[in-house]
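# Structural overview
Given next are the chains, with one letter for each unit.
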Amino acid sequence: MAVLLIPTSALADSQRVLGLQVDHAPAPLPVANWTKSFWVNSPGANPLAGEGSEGLLTDEADVCIIGSGLTGVSAAYHLGKELEESDGSEKLKVVILDARDFCTGATGRNGGHLSPVAFAHFNSASQRFGTDEALRWLALERHTVSSIVQIIQAHGLEEAVDLVNNGRIELLVTPEELVEAKADFEAAKTAGVCLDDVTWLKENETFGSSYPGYSHTGYNLWPLKFVTKLYKLAAASPALNLTLHTRTPVIAINPSDGSSESSTTHLWTLTTSRGSIFCTRIIHSTNAYVSHLLPHMRGPTGVVPVRGQVMALRAAAPVESISRHAWTGNEGFEYWFPRPLEKGQEHPLVILGGGREATMPDYEFYVADDSEINAKAGSALRKFLPALFPGKYEEGREPEMEWTGIMGYTVTGDPLVGPVVDPNNSTNVYDGHFVSAGYSGHGMPRAFACAEAVAQMVAAEILGKSWSPPEWLPQHYLTQAV
Ligand SMILES: Cc1cc2nc3c(=O)[nH]c(=O)nc-3n(C[C@H](O)[C@H](O)[C@H](O)COP(=O)(O)OP(=O)(O)OC[C@H]3O[C@@H](n4cnc5c(N)ncnc54)[C@H](O)[C@@H]3O)c2cc1C
């Protein structure tokens, strides 16, 4: 019988701590000496690492995108798509800026899962936001995942980005979780969600874990490699003139002072470590760090930086006996999947994340430094799989790599998408600024589509058209009612 060595009721307490109204300073800039992640630091994984970090800095742009993770690159990709469909003859000048190497924020440091929520928490989402919104929430995740998979398949990138379609298992480790999951399943089904991909699993059907659960659609992939390919697709768009400047932190944004022609035609001046860029519109794709440049978005009413931890651990059994699925368990804190076997490997490398419940009472909230790992989270993660799957992982075995990354949490658990609005300032001080941030540790099935919505808004403004939300976008994600 598997015994979990970590608390199994920490989720509610962590939500309570997140909501505490304590004033905190805005997020710092990302640190320069980040822990090495499997995705970023494997040889050859990041060909764009230092792209545009030397030489001349672009001096003006129509749109500046701050952040080169999944959100920022998806925004550029979708701007290209939106404008390709218009008959504008001038290319839109777009610049992506990143403080660090290309895509070395959360997207380059996460657990590698690309799984839409099947139905979990459907009842609580319906109660909080209404059934239509709960349906849109599931629809956005399905839209994201099917769009990403479609891009990968259309360009034959399956091997290049290690796309694996083996489904996902959600373990239900307490009797209460099982009851809640069954009720959520029934409610989602009654509301019209197609759940044909869901299979309920008994205690003896979860590859030796001895907990019940269910399986559903789910993928895993190499996120940095996908974002690199997406950047190349965006750069090839005939509608864009796209430039990337890595290792170029944006330090401040101010209204242009009108002292030069560029300054007169571009509303904003971005100050970077390498000089200034005049810009008309800005997309903030800085997720956990968003409050550095938008200080009103700090604290529990905005986006809270939260440190997460991940390791690459060698299993002690063949992949068939540990199952190829991606998994999550223990109220959503732990998540893991076996990497495809590489030549000469007998047992797979498993990417395992979580352990934050072992860091209570602070849960790594307001920690924005991913240059260090948390010993308590690391200890919980080391014990997790050997305890859950007796005999399939070696107790005491050290991971081959261990790293941290910074997630952006909101109190609702949902991202903030749309024009930047400061509720405490009635004058339009952020004219031309847009944001998509705060995916609360569940960004792979959301960031791509949220950035698509923001790109639609920006393109509509440029083309002088009105924007209405796509049917898959939950309206409570929006920063401004439409
Ligand atoms: C440890 C961990 C595990 C996770 N596991 C999963 C998972 O398995 N499944 C899942 O769905 N989600 C997971 N997530 C969440 C997911 O990775 C994120 O939600 C998603 O990658 C966010 O993408 P992003 O582009 O918005 O942010 P990021 O990828 O963080 O990109 C933001 C970028 O902005 C840059 N930046 C910040 N400030 C500035 C500035 N002032 N100037 C210039 N550049 C700046 C940063 O350097 C960074 O590159 C995990 C996250 C972490 C950290």
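Residues numbered from 1 in each chain as written. Predicted model: local features only at pLDDT ≥ 70, side-chain atom pairs only at ≥ 80, totals over all residues. Heavy atoms only, no water.

## Considerations on the overall build of the protein
Looking only at helices and strands, one finds 12 helices and 18 strands in the protein. The globule rule puts the C-alpha radius of gyration for 482 residues at 23 Å, and the 22 Å found for the protein is close to it. Judged by the C-alpha coordinates and their principal axes, the protein covers about 70 × 50 × 45 Å. For the protein, the proportion of its 482 residues judged to be buried stands at 57%. Of all intrachain contacts in the protein linking residues separated by at least 6 positions in sequence, the fraction that spans at least 24 positions is 78%. Surface summary for the protein: the accessible area is close to 19500 Å², and the carbon and sulfur share equals 51%. Across the protein, 34 positive and 54 negative side-chain charges occur, with their mean positions spaced 4 Å apart. (Helix = DSSP H or I, 4+ residues; strand = E, 2+ residues; numbered from the N terminus. Rg over C-alpha atoms; globule rule 2.2 N^0.38 Å. Buried < 20%, exposed > 50% of the residue type's maximum accessible area, 1.4 Å probe, protein only. Contact = heavy atoms within 4.5 Å. Areas by Shrake-Rupley, 256 points an atom, 1.4 Å probe, with all protein chains shown as cover. Lys, Arg positive; Asp, Glu negative; His and termini not counted. Charge placed at Lys NZ, Arg CZ, Asp CG, Glu CD.)

## What to know about the pattern of salt bridges
Counted according to the given criterion, the structure contains 17 salt bridges. Aspartate 370 is the partner of arginine 109 in a salt bridge, and the nearest nitrogen-oxygen pair spans 3.4 Å. With arginine 109 in the loop between strand E2 (92-97) and strand E3 (113-114) and aspartate 370 in the loop between strand E15 (349-353) and helix H11 (375-388), this pair connects stretches of sequence that are 261 residues apart. Across the pair, aspartate 370 and arginine 109 agree in class, each one buried. Among the salt bridges present, the one from aspartate 162 reaches arginine 339, with a minimum N-O distance of 2.9 Å. Of this pair, aspartate 162 sits in the loop between helix H5 (131-154) and strand E4 (168-171) while arginine 339 is found in the loop between strand E14 (334-338) and E15, placing the two residues 177 residues apart along the sequence. This pair shows no difference in class: aspartate 162 is buried, exactly as arginine 339 is. One network of salt bridges, in which partners are shared, links Arg100, Arg109 and Asp370. (Salt bridge = Lys/Arg side-chain N within 4 Å of Asp/Glu carboxyl O.)

## So, the domain arrangement of the protein
If you check the domain split of the protein, you get domain 1 (10-33 + 163-221 + 303-409) and domain 2 (39-107 + 224-300 + 413-477). For the pair domain 1 and domain 2, the summed buried area comes to about 2200 Å², and 64% of that belongs to carbon and sulfur atoms. The largest per-residue losses of area from domain 1 upon contact with domain 2 belong to Leu29, Pro30 and Val303, which jointly make up 29% of the total buried on that side. Seen at the junction of domain 1 and domain 2, the total is two salt bridges. A salt bridge links aspartate 23 to arginine 298; the shortest N-O distance between them is 3.4 Å. Remark: the boundary between domain 1 and domain 2 carries nine residue pairs in polar contact (both at pLDDT 80 or more). Counting residues per element, the ones that place at least two in the side of domain 1 that touches domain 2 are strand E12 (304-314) and strand E16 (401-409). The dominant element in the side of domain 1 that touches domain 2, judged by the number of residues it contributes, is E16, at six residues. Of the residues in the side of domain 1 that touches domain 2, the class split is 23 nonpolar, four polar and three charged. (Domains from an automatic or database assignment. Buried area = accessible area lost by both parts, 1.4 Å probe. Polar contact = N/O pair within 3.5 Å; in protein donor to acceptor, adjacent residues only side chain to side chain. Nonpolar A, V, L, I, M, F, W, Y, C, P; charged D, E, K, R; others polar.)

## A short note on the pairing of strand E10 (residues 268-272)
Where burial is concerned, most of E10 is hidden: four out of the five residues are buried. Where strand E9 (residues 250-255) meets E10, five bridges bridge the pair, whose relative direction is antiparallel. Bridge assignment links proline 255 to a residue of E10, and that residue is tryptophan 268. Taken together, E10 and the strand that follows it, strand E11 (residues 275-284), pair antiparallel across an intervening segment of two residues. (Pairing = 2+ DSSP bridges.)

## Section: the nonpolar core
Counting residues in each nonpolar core, the largest one holds 89 residues, and the members touching the most others are Leu79, Phe102, Phe119, Phe226 and Ile283. Looking at this core element by element, the count peaks at 12 residues for helix H12 (residues 447-463). The contact partners of phenylalanine 119, leaving out residues within four places of it in the chain, are Leu138, Ala181, Asp184, Phe185, Ala188, Leu195, Val198, Trp200 and Tyr214. In terms of nonpolar packing, the next biggest core, distinct from the first, is built from 20 residues, Leu171, Trp336, Leu352 and Phe389 among them. (Core = buried A, V, L, I, M, F, W, Y, C linked by side-chain atoms within 4.5 Å.)

## Remarks on helix H1 (residues 10-18)
The set of residues buried in H1 consists of Ala10, Ser14, Val17 and Leu18. Down the axis of H1, the buried set is contained in an arc of 100 degrees. They therefore lie on one face. (Arc of directions from axis to C-beta.)

## Some thoughts on helix H3 (residues 70-84)
With 15 residues, H3 should reach 21 Å at 1.5 Å per residue; the first-to-last C-alpha distance of 21 Å fits that figure. In terms of residue burial, H3 counts as a mostly covered element, since 12 of its 15 residues are buried. Among the residues of H3, those classed as buried are Leu70, Thr71, Gly72, Val73, Ser74, Ala75, Ala76, Tyr77, His78, Leu79, Gly80 and Leu83. (Expected span 1.5 Å × (residues − 1).)

## So, the site of the ligand
Lining the immediate environment of the ligand, one finds 38 residues, of which Thr71, Asp98, Ala106, Thr107 and Met444 sit closest. A distance of 2.6 Å separates an oxygen atom of the ligand from a polar atom in the side chain of threonine 71. At 2.9 Å, a backbone N or O of alanine 106 approaches an oxygen atom of the ligand. In the complex, 98% of the free accessible area of the ligand, which totals 1000 Å², lies under the protein chains. (Near = heavy atom within 4 Å.)

## Quick notes on the sheet that holds E4
The strand order E5-E6-E4-E13-E14-E15-E12-E16 describes an open sheet built from eight strands, whose pairing is mixed. If you trace the sheet from one side to the other, it starts and ends with strand E5 (199-201) and E16, each paired once. Pairs of neighbouring strands in the sheet enclose a mean axial angle of 20 degrees, with direction left out of account. Examined bridge by bridge, E12 and E15 share five bridges and lie antiparallel to one another. Bridge pairing in E15 places arginine 314 opposite leucine 349. Set on the sheet, helix H6 (residues 175-190) makes contact with E4, E5 and strand E6 (213-216); between it and E5 the angle comes to about 165 degrees. (Axes fitted to C-alpha atoms, helices over the stretch in contact; angles between N-to-C directions.)

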